[in-house]
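Fold and geometry: a report
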Amino acid sequence: MPASKKILYIDLDNTLVNFQSGIDRLTDGVREKYKNDLDEAPHIFSRMDPLDGAIDAYHQLAQQFDTYILSTAPWKNATAWHDKVLWVQEHLGMEEGSVAYKRLILSHHKHLNRGEYLVDDRGANGADRFEGEWIKFGSTKFPDWKTVTAHLSKLA
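Here the protein chain is described in UniProt, under the heading Sequence similarities (unreviewed entry), as follows: "Belongs to the 5'(3')-deoxyribonucleotidase family."

One finds L16, V119, W145 and L152 to be the most contacted residues of the largest nonpolar core, which totals 36 residues. The set of elements that each furnish at least two residues to this core consists of β1 (7-10), α1 (19-24), α3 (54-64), α4 (78-92), β6 (117-120) and α5 (145-155). Here the element with the most residues in this core is α3; it accounts for six residues. Residues contacting W145, with those up to four places away along its chain left out, are I10, T15, L16, D52, G53, A54, A57, L61, V119 and F137. Formed by five residues, the second largest nonpolar core is a distinct cluster that contains Y9, L70, A127 and F130.

Those residues of α3 that sit buried are A54, I55, A57, Y58, L61 and A62. In a view along the axis of α3, the buried residues occupy a sector of 155°, so they form one face of it. Turned more than 90 degrees away from the buried face of α3, the exposed residues are D56 and Q63.

Before going further, it helps to spend a moment on the sheet that holds β1. Strand order across the open sheet formed by five strands is β5-β4-β1-β6-β7, with parallel pairing between neighbours. On the outer flanks of this sheet lie β5 (104-106) and β7 (133-136), each paired with one strand and no other. Across this sheet, the average inter-strand angle for adjacent strands is 25°, counted without regard to direction. As paired elements, β6 and β7 share four bridges and run parallel to each other.

Turning our eyes to something else, we now look at the pairing of β6. Across the two faces of β6 the burial is the same, with Y117 and V119 and L118 and D120 all buried. The pairing of β1 with β6 spans three bridges and is parallel. Among the inter-strand pairings, L8 is bridged to a residue of β6, identified as Y117.

Before going further, it helps to examine unusual backbone geometry. Backbone geometry places H43, a non-glycine residue, at a positive phi of 65°. Relative to the elements of secondary structure, H43 occurs in the loop between α2 (28-33) and β3 (49-50). In this model, N125 sits at a positive phi of 55°, which is unusual for a non-glycine residue. Exposure remark for N125: the relative accessible area of 27% places this residue in the partly exposed category.

Before going further, it helps to spend a moment on the packing of aromatic side chains. For any two aromatic rings, the description comes down to two numbers: the centre-to-centre distance and the angle of the planes. Evaluation of the coordinates by the stated rule reveals six aromatic pairs. Consider the rings of Y9 and Y68, whose centres lie 6.0 Å apart with planes at 35°: the pair is tilted. Taken together, the positions of Y9 in strand β1 and Y68 in strand β4 (residues 66-71) put the pair 59 residues apart, joining distant regions of the chain. Given the relative accessible area of 5%, Y9 is considered buried. When its relative accessible area of 21% is taken as the criterion, Y68 is described as partly exposed. With a centroid separation of 5.0 Å and 35° between ring planes, the pair formed by F137 and W145 is classed as tilted. Each of the two residues, F137 as well as W145, counts as buried. Through a chain of ring-to-ring contacts, the aromatic side chains of Y9, Y68 and F130 assemble into a single cluster. The ring of Y68 is capped by R103, whose NZ or CZ atom sits 4.4 Å from the centre of that ring.

Conventions and cut-offs
- Residues numbered from 1 in each chain as written.
- Predicted model: local features only at pLDDT ≥ 70, side-chain atom pairs only at ≥ 80, totals over all residues.
- Heavy atoms only, no water.
- UniProt positions renumbered as here; feature names shortened; annotations may be inferred.
- Core = buried A, V, L, I, M, F, W, Y, C linked by side-chain atoms within 4.5 Å.
- Buried < 20%, exposed > 50% of the residue type's maximum accessible area, 1.4 Å probe, protein only.
- Helix = DSSP H or I, 4+ residues; strand = E, 2+ residues; numbered from the N terminus.
- Contact = heavy atoms within 4.5 Å.
- Arc of directions from axis to C-beta.
- Pairing = 2+ DSSP bridges.
- Axes fitted to C-alpha atoms, helices over the stretch in contact; angles between N-to-C directions.
- Phe/Tyr/Trp six-rings, centres within 6.5 Å; stacked < 30°, edge-to-face > 60°.
- Lys NZ or Arg CZ within 6 Å of the ring centre and 35° of its normal.

In structure tokens:
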């Protein structure tokens, strides 16, 4: 029996997803109305592009790890929960057997998930208390998907 794969979680916003691309697609009126809480703008999460290299990296890492998307949806933006599912389905597949099929976890308590690795750009929502290794995406050590995949590939 082959050894089980290590568990890897990957955040969505500013990790797999280019949050700024969603902001750029908001109308001026919506941008002004939600200027202090842009993540609460309805359907902003459906307007976002993947970050450079993110989709290829996810596919590669999903072969090496038991990989899940672990994201937080704003509590006051009910469309975010729906739009994050649709984003994953659009960019990573919605069919059974696709790389992220039923592998999306939305939580405000990331530290409650058990696993070896978490790739996340911020320590918010428990990411900084994750019991495994927190790989801070966008940091000096891990500025992009190339450095993250190189690091994780050595640990698979």
